[in-house]
2 protein chains.
Amino acid sequence: MGKGYDRMMVVQREVADIGGALSLLGWDQETYMPRRGAETRGRQLGTLAGISHTRFTSAEMGAAISEAQSETLTPDEQVNLREIARSYDRSRKISTELVKDITETSSVAIEVWREARQNNDFPAFSPWISRLVGLQKQVAEAIGYTDEPYDALLDEYEPGASTRDIAGVFETLRDPLVDLVARIRHSGVVSRADFLECEFPIADQERFGVTVSRQMGFDYDAGRLDVSPHPFCTHMGAQDVRLTTRYAPNLPTQSLFGIIHEAGHGLYEQGQDPVFEGTPRGSSVSLGIHESQSRMWENMVGRSRAFWRFFFPRFVDTFSGPMQGVSEDEFYAAINRVEPSFIRVEADEVTYNLHILLRFEIERGLFAGDIAVDDLPSVWNAKMETYLGIVPPDDRQGVLQDIHWSHGGFGYFPTYTLGNLYAAQFYRAAEQDLPNLEDHIARGELLPLRDWLREHIHRPGMTYRAGELVQKVTGTPLSASYFLNYMQRKFNALYRL
Amino acid sequence: MGKGYDRMMVVQREVADIGGALSLLGWDQETYMPRRGAETRGRQLGTLAGISHTRFTSAEMGAAISEAQSETLTPDEQVNLREIARSYDRSRKISTELVKDITETSSVAIEVWREARQNNDFPAFSPWISRLVGLQKQVAEAIGYTDEPYDALLDEYEPGASTRDIAGVFETLRDPLVDLVARIRHSGVVSRADFLECEFPIADQERFGVTVSRQMGFDYDAGRLDVSPHPFCTHMGAQDVRLTTRYAPNLPTQSLFGIIHEAGHGLYEQGQDPVFEGTPRGSSVSLGIHESQSRMWENMVGRSRAFWRFFFPRFVDTFSGPMQGVSEDEFYAAINRVEPSFIRVEADEVTYNLHILLRFEIERGLFAGDIAVDDLPSVWNAKMETYLGIVPPDDRQGVLQDIHWSHGGFGYFPTYTLGNLYAAQFYRAAEQDLPNLEDHIARGELLPLRDWLREHIHRPGMTYRAGELVQKVTGTPLSASYFLNYMQRKFNALYRL
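This is a predicted model, so every value here is computed, not measured.

## With respect to the overall build of chain A
(1) Moving on: Regarding its fold elements, chain A presents 20 helices and three strands.
(2) Moving on: The C-alpha radius of gyration of chain A comes to 23 Å, within 12% of the 23 Å expected for a compact globule of 497 residues.
(3) Moving on: Principal-axis analysis of the C-alpha atoms places the extent of chain A at approximately 70 × 50 × 50 Å.
(4) Moving on: Contacts in chain A between residues far apart in sequence, at least 24 positions, make up 73% of those at least 6 positions apart.
(5) Moving on: Here chain A displays about 20000 Å² of accessible surface, and carbon together with sulfur accounts for 49% of that area.
(6) Moving on: Measuring between centres, the 50 positive side-chain charges of chain A sit 2 Å from its 70 negative side-chain charges.

Below is the structure:
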């Protein structure tokens, strides 16, 4: 029989191996799978997910976990036990029928959403939102929560976070951001960005993106970069981490910042301790912490003056046609242009978080019963007007734009803004530990930052929950002030405020 | 509980889904996987294979099969029951320890073989051959056989075939082939092939190969073509069939005939009835029948006069540089040049089967106890001299050249020649059913043949064993005479014999 801990880890590693296979099936589906392969692939994914779930929630696993809880464990083993027990409890609390109901409902809802978005037909989608909210309320009741049902959903993506705490932090962010956006709009400063709409050859875009990500320390012997309709980062293990991007000749910054973003995620996975592969101790903490890595690289590094001090001449060399006569200042201003817009995924660094706050408030209201599904379009548009001063001309560009709700992914959105806040707070700590950080970046030396992140954030895996990690790495609890300071410093200068 | 048959099929389909995932993991390993991903991938493959084996050989599966055997089944269901019961029996007869022993021994043996081949050091590899032969003898004893142990191994790749029958057919092939090779050698006819060593741009090679395979009817909405060090065809389902090839600028025929060969395999998979996906009724019969499809397309079609009547002008258009001043006759002679050589995978259509006969005779002798492992190099070289009139200068180009034995794949080689024999016999039947077949091919119309193959060979799946299928499709049992007739007609003309 052996120790309970060891038996638990046998199942865990088997589930991790199946998880790696599922990641590959998913990656392939988005990159190379031929069109007609979709149906069979769906069945294969379902079968493997089912086997994984059955193994993980077996009585045998429960017994092993129970035994492990009274065994003497090393600190690393305790991390594994804590997180595996948490996942096991969550999985066991949700009945197989409920899981099946959610899977089946969302598989239809996604198609309904696609069509509703295309036809700008919110009423067609709204009954499905109601159904999915109903199902997720059942999930919340099954799992349990302290203050409000939304806690239980948030906890899926950001373990240990509470709605109330997050709302408190977001509260301190909102007004200063709304104010910053308004001041930028009235600054009268308009930067040119016409040159970014010229033709940038795709092969050169790819080459440049690979060069930058390699310089960040992304290891292409343990990873790849491919093309997919929606960019993502996935991994089959710390030694097999895959980024995707998309290219359009007249959108060079979309692919470049996309690659930097995904490479930020990729470095987090490549930075896990290989000894702990396939275990929580060798895994990322939360979506929020993951997003802190991608957004730090994309925005705080990739859209910084220092970064372009080094890369601008190289960019001009690579794209000498469209970049003819463009100065470094003009380029820097163009890639940091702030302009309220309707679509979240196209939003700039400043307005982005207001898109998220809006969604967080709406989701919370939906689950507290304060917002009715039918009122979503009007609530959405009203908040857009308050936060960004613009109103979507139709629901396609408003409440129907995101895929998340169609598969019941309530509680996911706040992790994007948490990522930005964590990133700013971590970056401040990195600056304190590495006094010459900006000089390094300005010389194209990105490895000191990568190494700092690896030591403080990547290598610990799930040793600490997100809140603890922030406290440990930065010495203070999560606060929006670091992010606001960073915003104000950067955009006051850019917009001469 | 339900019917035994239905319960059996639930397990079967689950195992098929895992099999599809395993195929993708394997495909990716050879095409896109980053270098460092190998170790984790190996573990994932092992875990999934283990889960699949456990499910398939479970007592529950055994009970379902037993019950199904006394149920009233449709003919299609009977096919599934027959083949699943056969696989189940084979799997149950081989102990888990033996499987593990084989897996572990071959994983070392492959590395030993690689090094031994590189260093031309047969004595380093020979103890591993002995070990692997010993293990496969245990397999044969566990499975059982009628005449000799080799039957049991052959049956793994060519279900229902017997060593004695195959030896009988091969016997009628050997002397005429040896004679044909000798006559060709003394014909004095030497065709030029210098132009095939010029530079053929790889992008054009790919484009031409895709055009040809598309014209064969290979559906790229249900398949792909990628690059790998060793060409192969694999599938995750009939709607997701993947070919690979390799390109070198001065080896245009290697990639082209490689693509045609793999597309022949691919058509067999794409031609399965989708209703039966994931079941024996929707699967290929045997390796030999599979190889008949690839070799018919590669050799009987792809290296025929009729085929090049249509494709030659297009080939010249695509590769106008290297093909300047080359006539269709010269080209046809060059791609059909016969020349005894040491390496099987580089052998021409005539000498190829003598390479296989040699291996078949040696394997049979090893398992009958007539050949000692230590004598392999001398036996090999003596047979090479008798059959092809040449002696390998070293074991690298002799007994050490193939990977098959290093993973215990005894019984696999004969399926290559069986494939050639089946192909010639099937092709003769196709010619009788389609009197204008050659004219079609000469106009680039390859779909009549594809459709004939689909109807008679692909769609029936495993309904018939290989021998029955040959009898049913051609009206006579397997015979070498069709292949010999084809050889003699083609090469008598080419070499003016």
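## Here we look at the environment of alanine 222 of chain A
(1) Moving on: With respect to the helices, strands and loops of the structure, alanine 222 of chain A is situated in the loop between helix H9 (202-215) and strand S1 (223-227).
(2) Moving on: Among the residues examined, alanine 222 of chain A registers a relative accessible area of 3% and is labelled buried.
(3) Moving on: Taking the C-alpha atoms as reference points, alanine 222 of chain A and glycine 237 of chain A, 15 residues apart in sequence, are found 9.1 Å from one another.
(4) Moving on: With residues near it in sequence (within four places) discarded, alanine 222 of chain A still touches Ala238, Gln239, Asp240, Val241 and Gln270 of chain A together with Pro34 and Arg36 of chain B.

## A short note on the packing of aromatic side chains
(1) Moving on: Using the criterion set out here, one finds 61 aromatic pairs over all chains in the structure.
(2) Moving on: Measuring from ring centre to ring centre gives 6.3 Å for tryptophan 380 of chain A and tryptophan 405 of chain A, while their planes differ by 85°; the resulting arrangement is edge-to-face. In this pair, tryptophan 380 of chain A is assigned in helix H15 (residues 376-388) and tryptophan 405 of chain A in the loop between H15 and helix H16 (414-433), connecting sequence segments 25 residues apart. For the residue pair tryptophan 380 of chain A and tryptophan 405 of chain A, the accessibility class agrees, reading buried in each case.
(3) Moving on: When the centroid spacing of 6.2 Å and the interplanar angle of 45° are considered together, the rings of tyrosine 150 of chain B and phenylalanine 367 of chain B count as tilted. Of this pair, tyrosine 150 of chain B sits in helix H7 (residues 149-157) while phenylalanine 367 of chain B sits in helix H14 (residues 352-368), placing them 217 residues apart in sequence.

## Focus: the interface of chain B and chain A
(1) Moving on: In this complex, chain B contributes 34 residues to the contact, which on the side of chain A involves 34 residues.
(2) Moving on: Between chain B and chain A, the buried area comes to about 3000 Å², and carbon and sulfur atoms account for 52% of it.
(3) Moving on: Along the contact surface separating chain B from chain A lie 12 salt bridges.
(4) Moving on: Put simply, glutamate 277 of chain A and arginine 43 of chain B hold a salt bridge, and the shortest N to O gap is 3.3 Å.
(5) Moving on: On inspection of chain B and its partner chain A, the count reaches 24 residue pairs in polar contact (both at pLDDT 80 or more).
(6) Moving on: Elements with a contribution of two residues or more to the side of chain B that touches chain A: helix H1 (4-31), helix H2 (38-56), strand S1 (223-227) and strand S3 (240-245) of chain B.
(7) Moving on: Here the side of chain B that touches chain A gets nine residues from one element, more than from any other, and that element is H1 of chain B.
(8) Moving on: For the side of chain B that touches chain A, the class distribution of residues is 13 nonpolar, seven polar and 14 charged.

## Overview of the relation of the copies chain B and chain A
One copy of the chain maps onto the other through a rotation about an axis plus a displacement along that axis.
(1) Moving on: For the pair chain B and chain A, the relating rotation is 180°, the translation along its axis is 0.0 Å, and the fit reaches an RMSD of 0.0 Å. Within this description, the copies of the chain are treated as partners about a two-fold rotation axis. Considering only C-alpha atoms, the residue of chain B closest to the rotation axis is alanine 21 of chain B, which sits at 3.5 Å.

## Regarding the side chain of glutamine 272 of chain B
Residues and elements named next belong to chain B.
(1) Moving on: By the element assignment, glutamine 272 lies in the loop between helix H10 (252-270) and helix H11 (287-301).
(2) Moving on: Taking the relative accessible area as the measure of exposure, glutamine 272 reaches 3% and is therefore buried.
(3) Moving on: Within the structure, the side chain of glutamine 272 is placed 3.4 Å from the backbone oxygen of tyrosine 268, a separation counted as a polar contact.
(4) Moving on: Dropping the residues within four chain positions of it, glutamine 272 is found in contact with Ala238, Arg281, Gly282, Ser283, Ser284, His458, Arg459 and Gly461.

## Regarding the pattern of salt bridges
Oppositely charged side chains can pair when the atoms bearing their charge come close.
(1) Moving on: Under the criterion given, the structure shown has 82 salt bridges over all chains.
(2) Moving on: Among the salt bridges present, the one from arginine 443 of chain A reaches glutamate 445 of chain A, with a minimum N-O distance of 3.0 Å.
(3) Moving on: Accessibility expressed as a relative area gives 46% for arginine 443 of chain A, which makes it partly exposed.
(4) Moving on: Glutamate 445 of chain A sits in the partly exposed class, given a relative accessible area of 31%.
(5) Moving on: Here arginine 183 of chain B ties to aspartate 179 of chain B by a salt bridge, and the two come within 3.2 Å at their closest N and O atoms. In this pair, arginine 183 of chain B and aspartate 179 of chain B are both assigned in helix H8 (residues 163-185), four residues apart and thus about one turn of the helix distant.
(6) Moving on: What makes arginine 183 of chain B partly exposed here is its relative accessible area of 31%.
(7) Moving on: Since its relative accessible area comes to 38%, aspartate 179 of chain B is described here as partly exposed.

## What about the domain arrangement of chain A?
Residues and elements named next belong to chain A.
(1) Moving on: Domain annotation for chain A reports domain 1 (4-149) and domain 2 (150-497).
(2) Moving on: A C-alpha centroid distance of 26 Å is found between domain 1 and domain 2.
(3) Moving on: Listed as interface residues are 47 residues of domain 1 and, on the opposing side, 49 residues of domain 2.
(4) Moving on: Summed over the three residues of domain 1 that lose the most area to domain 2, namely Trp27, Phe122 and Glu148, the buried surface amounts to 16% of that side.
(5) Moving on: Across the domain 1-domain 2 interface, the total number found is seven salt bridges.
(6) Moving on: The residue arginine 465 makes a salt bridge to glutamate 83 at a minimum N-O spacing of 3.0 Å.
(7) Moving on: The interface formed by domain 1 and domain 2 contains 27 residue pairs in polar contact (both at pLDDT 80 or more).
(8) Moving on: Sorting the residues of the side of domain 1 that touches domain 2 by element identifies helix H1 (4-31), helix H4 (75-93), helix H5 (96-119) and helix H6 (122-143) as the ones contributing at least two each.
(9) Moving on: Looking at the side of domain 1 that touches domain 2, the element that brings in the most residues is H6, giving 12 residues.

## Details of unusual backbone geometry
(1) Moving on: Of note in the backbone geometry, asparagine 120 of chain A takes a positive phi value of approximately 55° without being a glycine.
(2) Moving on: Looking at the secondary structure, you find asparagine 120 of chain A in the loop between H5 and H6.
(3) Moving on: Unlike most non-glycine residues, arginine 496 of chain B shows phi in positive territory, near 45°.
(4) Moving on: Residue placement: arginine 496 of chain B occurs in the segment after helix H20 (481-494).
(5) Moving on: Classification of arginine 496 of chain B as exposed rests on a relative accessible area of 67%.

## Thoughts on the packing of H10 of chain B against H11 of chain B
All names here are of chain B.
(1) Moving on: Closest axis-to-axis distance for the H10/H11 pair is 7 Å, and the angle between their directions is 135°. Classified by the angle their axes make, H10 and H11 are oblique. Between H10 and H11 the crossing geometry is right-handed. Two secondary-structure elements touch here, H10 through Phe257, Ile260, His261, Gly264, His265, Leu267, Tyr268 and Glu269 and H11 through Ile289, His290, Glu291, Gln293, Ser294, Arg295, Trp297 and Glu298.

Here is what the cut-offs are and how they apply
Residues numbered from 1 in each chain as written. Chains lettered and ligands numbered in written order. Predicted model: local features only at pLDDT ≥ 70, side-chain atom pairs only at ≥ 80, totals over all residues. Heavy atoms only, no water. Helix = DSSP H or I, 4+ residues; strand = E, 2+ residues; numbered from the N terminus. Rg over C-alpha atoms; globule rule 2.2 N^0.38 Å. Contact = heavy atoms within 4.5 Å. Areas by Shrake-Rupley, 256 points an atom, 1.4 Å probe, with all protein chains shown as cover. Lys, Arg positive; Asp, Glu negative; His and termini not counted. Charge placed at Lys NZ, Arg CZ, Asp CG, Glu CD. Buried < 20%, exposed > 50% of the residue type's maximum accessible area, 1.4 Å probe, protein only. Phe/Tyr/Trp six-rings, centres within 6.5 Å; stacked < 30°, edge-to-face > 60°. Buried area = accessible area lost by both parts, 1.4 Å probe. Salt bridge = Lys/Arg side-chain N within 4 Å of Asp/Glu carboxyl O. Polar contact = N/O pair within 3.5 Å; in protein donor to acceptor, adjacent residues only side chain to side chain. Nonpolar A, V, L, I, M, F, W, Y, C, P; charged D, E, K, R; others polar. Least-squares fit on C-alpha atoms with pLDDT ≥ 70 in both. Domains from an automatic or database assignment. Axes fitted to C-alpha atoms, helices over the stretch in contact; angles between N-to-C directions. Parallel < 35°, antiparallel > 145°, perpendicular 65-115°, else oblique. Left-handed = near helix turned anticlockwise from the far one by under 90°.

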